[in-house]
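# A structural walkthrough
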Amino acid sequence: MKAKNQLQEKKNKGRLFIISGPSGAGKTSLCKKLPQSLHNLKCSVSYTTRNPRPQEDNDIDYTFISRKEFRSRIQQGEFVEWAEVHGELYGTSKIRLEEMIHSGIDVLLDIDTQGAKQLKEKYRTGVYIFVLPPSMEILKKRLKKRKSDSQSDMEKRLRRSIDEIRSYREYDYVIINNKLDVALMELEAIIIAHRVSTKMIDPQWIENQFLR
Ligand code: 5GP
């Protein structure tokens, strides 16, 4: 019991793991699978104006809202970041994020490069990870497989991919998602390494436990 309390005390606030990359790189699959293998990690649920795809649930995959409601939430300053992607609006709720961080939960955010840039100004200690597909051909194939997207949607996504890829240098890590299980292992390794990094330990805890 004592050991458990000590561990809780040394734990700082939750950390942010921001994942970006072109549509079709496999970010969504990675983000869904990671919390199953790593404890104390949750996906941030964004707000969006786009329509739900088959199999998507409200408040689980996204919170689906109208453009009018999204605009009003922008006015109220509710988003810690937001961006227009493929003609639709996407944003991260400040309250949702802060609640998770303050309760010590690490948060995974699957957001675009514009949103990641905004977050970087506010959360400097976040870990920024870029996911790439193995090649342009594979990216095209993956996008074509998404039957829920129309042809023009697919073309929009493909054009944007190139712009997104240009931002890879802004990120701390790049993962090439050729095989999902390997990419997942690499992501887990990044998260675990950050959890035990020196800067994440509360110096006061070390002081109280060992140096007094
Ligand atoms: P999709 O419509 O395919 O689910 O997502 C399209 C793009 O929007 C993806 O690149 C995804 O990372 C991004 N996205 C999802 N949620 C957010 C968000 O809250 N903020 C920003 N800036 N981008 C987001």
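Residues numbered from 1 in each chain as written. Predicted model: local features only at pLDDT ≥ 70, side-chain atom pairs only at ≥ 80, totals over all residues. Heavy atoms only, no water.

### Describing the packing of helix 6 (residues 136-145) against helix 7 (residues 151-165)
To characterise two packed helices, one gives the angle between the axes of the helices and the distance between these axes. Which entries qualify depends on this criterion: Note on definitions: angles span 0 to 180 degrees between N-to-C directions of axes, and those axes are lines fitted to C-alpha atoms, for helices only across the stretch in contact. Think of it this way: any DSSP run of H or I at least four residues long counts as a helix, any run of E at least two long counts as a strand, and we number them from the N terminus. Just so you know how the angles are binned, under 35 degrees is roughly parallel, over 145 roughly antiparallel, 65 to 115 roughly perpendicular, and the rest oblique. Definitions for this section: a left-handed crossing has its near helix turned counterclockwise from the far helix by less than a right angle. A right-handed crossing has that turn clockwise. Residue contacts are defined here by distance: any two heavy atoms, one from each residue, within 4.5 Å place the two residues in contact. Note on residue categories: nonpolar means Ala, Val, Leu, Ile, Met, Phe, Trp, Tyr, Cys or Pro, charged means Asp, Glu, Lys or Arg, and polar means any other residue, Gly included.
Remark: helix 6 packs on helix 7, axes separated minimally by 10 Å, with the N-to-C direction vectors making an angle of 150°. Of the possible angle classes, the one that applies to helix 6 and helix 7 is roughly antiparallel. Read as a crossing pair, helix 6 and helix 7 show a hand that is right-handed. Only Met 154, Arg 157, Leu 158, Ser 161 and Ile 162 of helix 7 make contact with helix 6, whose side of the interface consists of Met 136, Leu 139, Lys 140, Leu 143 and Lys 144. In the contact of helix 6 with helix 7, the residues fall into six nonpolar, one polar and three charged.

### Notes on helix 8 (residues 180-195)
What counts, and what does not: Helices are assigned an expected span. That span is 1.5 Å times one less than the residue count. Burial here depends on accessible area, computed with a 1.4 Å probe over protein chains only, as a share of the maximum for the residue type. Under 20% is buried, over 50% is exposed, and the range in between is partly exposed. The arc under discussion is defined with respect to the helix axis, by the directions toward the C-beta atoms.
The end-to-end C-alpha distance of helix 8 is 22 Å, a good match for the 22 Å that 16 residues give at a rise of 1.5 Å each. Those residues of helix 8 not exposed but buried are Ala 183, Leu 184, Leu 187, Glu 188, Ile 190, Ile 191, His 194 and Arg 195. Buried positions in helix 8, seen along its axis, are confined to an arc of 160° and lie on one side of it. Facing away from the buried side of helix 8, by more than 90 degrees, are the exposed residues Asp 181 and Met 185.

### Here we look at the site of the ligand
Here is the rule we go by: Nearness is defined per residue: one heavy atom within 4 Å of the molecule or strand is enough. Here a polar contact is taken to be a pair of N or O atoms separated by no more than 3.5 Å, where protein atoms must pair a possible hydrogen donor with a possible acceptor and residues adjacent in sequence count only if both atoms sit in side chains. Shrake-Rupley sampling with a 1.4 Å probe provides the accessible areas, and residues are treated as covered by the protein chains on show and by no other component. A cavity here means a set of 1 Å grid points, computed over protein atoms only, where a 1.4 Å probe fits but cannot escape. A pocket is an open set with protein on both sides within 12 Å along at least 5 of 7 lines, and lining residues have an atom within 4 Å of a point. Cavity and pocket membership follows a simple rule, namely that a molecule belongs there if more than half of its atoms are within 2 Å of the grid points.
Lining the immediate environment of the ligand, one finds 16 residues, of which Ser 46, Arg 50, Tyr 62, Tyr 90 and Asp 110 sit closest. Lys 27 is positioned such that a nitrogen or oxygen atom in its side chain is 2.8 Å from an oxygen atom of the ligand. With respect to the ligand, the side chain of Tyr 62 contributes an N or O atom lying 2.5 Å from an oxygen atom. Surface burial for the ligand is 96%, taken as the share of its 510 Å² of free accessible area covered by protein chains. Applying the majority rule of atoms within 2 Å of the grid points places the ligand in the largest pocket. The set of elements that each furnish at least two residues to the shell around the ligand consists of strand 5 (79-85) and strand 6 (88-93). By residue class, the composition of the shell around the ligand is five nonpolar, four polar and seven charged.

### Describing the packing of aromatic side chains
Stated formally: Side-chain rings of Phe, Tyr and Trp (the six-membered ring for Trp) are treated as a pair once their centres are within 6.5 Å; stacked means planes under 30 degrees apart, edge-to-face means over 60, and tilted covers the remaining angles. Criterion for a charge above a ring: Arg CZ or Lys NZ at most 6 Å from the ring centre, at most 35 degrees from the ring normal.
A complete count under the given rule lists eight aromatic pairs for this structure. An angle of 65° between the planes, with centres 6.4 Å apart, marks the rings of Tyr 128 and Tyr 171 as edge-to-face. A residue pair is termed long-range when its members are at least 10 positions apart, and Tyr 128 in strand 8 (residues 127-132) and Tyr 171 in the loop between helix 7 and strand 9 (173-176) qualify at 43 residues. Each of the two residues, Tyr 128 as well as Tyr 171, counts as buried. Over the ring of Tyr 128 we find Lys 120; its NZ or CZ atom is 5.2 Å from the centre of that ring.

### Describing the nonpolar core
Here is the rule: Grouping buried Ala, Val, Leu, Ile, Met, Phe, Trp, Tyr and Cys residues that are joined through side-chain atoms within 4.5 Å yields what is termed a nonpolar core.
In terms of nonpolar packing, the biggest core is built from 18 residues, with Leu 34, Leu 108 and Ile 129 touching the most fellow members. For this core, the elements supplying multiple residues, two or more each, are strand 1 (16-20), helix 2 (27-37), strand 8 and helix 8. The leading source of residues in this core is helix 8, at five residues. Listed in part, the 17 residues of the second largest apolar core include Ile 105, Val 107, Ala 116 and Tyr 123.

### Observations regarding a nonpolar patch on the surface
Here is the rule: Nonpolar side chains (Val, Leu, Ile, Met, Phe, Trp, Tyr) are joined into patches within 5 Å and like charges within 9 Å, using only residues with over 30% relative accessible area and no salt bridge. What counts as a salt bridge is simple: a side-chain nitrogen of Lys or Arg found within 4 Å of a carboxyl oxygen of Asp or Glu.
Together, Tyr 168, Val 174 and Ile 176 make up an exposed nonpolar region whose accessible area comes to about 250 Å². Within the secondary structure layout, Val 174 lies in strand 9.

### Observations concerning the layout of surface pockets
To keep it simple, the criterion reads: Grid points are joined across faces, edges and corners, and a volume is the space filled by probe spheres set on the points.
Considering only enclosed or pocket space, the largest pocket measures out at about 1100 Å³ in volume. Along the wall of the largest pocket there are 44 residues; nearest its centre are Thr 28, Arg 50, Arg 53, Tyr 62 and Asp 110. Listed by contribution, the elements that provide at least two residues to the lining of the largest pocket are helix 2, strand 5, strand 6, strand 7 (106-110), helix 6 and helix 7. The element contributing the most residues to the lining of the largest pocket is helix 2, with five residues. Its residues assigned to classes, the lining of the largest pocket shows 13 nonpolar, 15 polar and 16 charged.

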